[in-house]
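Structural characterization, general
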Amino acid sequence: MATVIAPDRGEIVASHRRTPQGRFARGVQRNTQAWSFLIFSVLCFTVFTWYPMIREIIESFQHLHLGTTSFSGLRNYRQVSADPFFWQAWRNTLQFTGLALIFGFALPFVCAVVINEFRHAQAYLRILVYLPVMLPPVAGILLFRNYFMDPSSAGLFNQLLSATHLPTSQWWGSASTAMPSLVLISTWTNMGSATLIYLAALQGIPGELYEAAEIDGAGIFKRIWHVTIPQTRTILSLLLMLQIVATMQMFTEAFVATGGGPESSTVTIVYLAYNYAFQYSNFNTAEALGVIMFLVLGVFSAVYLWIERRGSEA
């Protein structure tokens, strides 16, 4: 008679664990908490980001009248494009973005380079640069508007100009200087975050590269051009794109400091959408304008990332 030898229990368990089902079960048990956090994040994005975005696109093709919603096709988009303020708002937005890149993109990098050169007191300098960011945006804008840029002789900037026998400025009270004034306000209130990001990137550059450049006789500007900028190229490219996207959506500075004036010289696309929604009670047209802005920024981001990818592969 043949004898059947029963396998050991440990061998049965080990063989079970070697099966794909066993590995999957162990993976689920190990990652239950991680999956829970991931599902919660996806739900938050769905409820607070994706759903409003999809809803805005749908409602931009609708018309609400006396509580009744009807499909209107491209009516809202034609109404927006026919508005003379639409093209002026685009010009103002592009002007603000261009000026903000000159000051708001370059100045934080320069500050980070200067702070990085200090061997002591870096912590105090970081706090000093970041202080405006910790202010509430409205409070920071009002402080800058009423204390620094008061068009009268009481403003600090005008006092400095008078002390040096230079002509004073109307700042936000003139159509020619209102937009540059908003750029200065925006740069002052927002540059702290970018400065700290640049500073962290600079401190990650190996010191041997600077030492080799100094041995080769490179001065400070050549070290910045040949070492600092190439080593921080990724951060510079990322913050450049993020700053363009953020400045194209400028609203708070114009709303608080100038109210879109004078002579509509600071009315931006987002400010115009606000007027459509809350001044004219035309939410569908405001949503159409928001969709146009979304498409413009989406195309710009896609082209920018494609150019960056091609440049990194070259």
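Because the structure is predicted, anything quoted here is derived from the model rather than measured. (Residues numbered from 1 in each chain as written. Predicted model: local features only at pLDDT ≥ 70, side-chain atom pairs only at ≥ 80, totals over all residues. Heavy atoms only, no water.)

1. Side note on the environment of A277
Residue position: A277 is located in helix 14 (residues 269-279). For A277, a relative accessible area of 7% corresponds to the buried category. A C-alpha to C-alpha distance of 34 Å links A277 and S169, two positions 108 residues apart in sequence. Those residues in contact with A277 that sit more than four places away from it in its chain are N282, F283 and A286. (Helix = DSSP H or I, 4+ residues; strand = E, 2+ residues; numbered from the N terminus. Buried < 20%, exposed > 50% of the residue type's maximum accessible area, 1.4 Å probe, protein only. Contact = heavy atoms within 4.5 Å.)

2. Description of the confidence of the model for the protein chain
The predicted model of the protein chain averages 85 in pLDDT, with 91% of residues at 70 or higher. Element-level pLDDT for the protein chain is lowest in helix 1 (residues 9-17), with a mean of 49, against a maximum mean of 93 in helix 14. (pLDDT = per-residue confidence, 0-100.)

3. So, the packing of aromatic side chains
One pair of aromatic rings is described through two measures. These are the centre distance and the angle between the planes. One pass over the full model with this rule turns up 23 aromatic pairs. Geometrically, the ring pair formed by F61 and Y77 is tilted, given 5.3 Å between the ring centres and 40 degrees between the ring planes. Taken together, the positions of F61 in the loop between helix 3 (32-59) and strand 1 (62-65) and Y77 in helix 4 (residues 75-82) put the pair 16 residues apart, joining distant regions of the chain. Judged by its relative accessible area of 15%, Y77 is buried. When the centroid spacing of 5.9 Å and the interplanar angle of 35 degrees are considered together, the rings of F300 and Y304 count as tilted. Of this pair, F300 and Y304 both sit in helix 15 (residues 283-313), four residues apart, which is roughly one turn of that helix. (Phe/Tyr/Trp six-rings, centres within 6.5 Å; stacked < 30°, edge-to-face > 60°.)

4. As for the side chain of S72
Of note, S72 is situated in the loop between strand 2 (68-71) and helix 4. The class of S72 is buried, set by a relative accessible area of 16%. If we ignore the near neighbours within four places in the chain, the residues touching S72 are F61, Q62 and H63.

5. Some details on helix 4
Given 3.6 residues to a turn, an α-helix orients residues that are three or four positions apart in the same direction. Taken residue by residue, helix 4 has N76, Y77 and V80 as its buried positions. Seen from one end, helix 4 has its buried residues packed into an arc of 100 degrees, which puts them on one side. Exposed residues on helix 4 whose side chains face more than 90 degrees from its buried face are R78 and A82. In the core, the buried residues of helix 4 are packed alongside helix 3, strand 1, helix 5 (84-117), helix 14 and helix 15. (Arc of directions from axis to C-beta.)

6. Concerning helix 11 (residues 220-231)
Spanning twelve residues, helix 11 covers 15 Å between terminal C-alpha atoms, matching the ideal 16 Å at 1.5 Å per step. If you check which residues of helix 11 are buried, you get R223, I224, V227 and T228. Down the axis of helix 11, the sector holding all buried residues measures 120 degrees, keeping them to one side. In helix 11, the exposed positions that point more than 90 degrees away from the buried face belong to F221, K222, W225 and H226. (Expected span 1.5 Å × (residues − 1).)

7. With respect to a negative patch on the surface
A cluster of acidic residues, E117, E208, E211 and E214, forms a negative patch on the protein surface. Top element by residues in the negative patch is helix 10 (residues 207-215). It accounts for three residues. Note on placement: E211 falls in helix 10. (Patch = residues over 30% accessible without salt bridge, like charges linked within 9 Å, V, L, I, M, F, W, Y side chains within 5 Å. Areas by Shrake-Rupley, 256 points an atom, 1.4 Å probe, with all protein chains shown as cover. Salt bridge = Lys/Arg side-chain N within 4 Å of Asp/Glu carboxyl O. Lys, Arg positive; Asp, Glu negative; His and termini not counted. Charge placed at Lys NZ, Arg CZ, Asp CG, Glu CD.)

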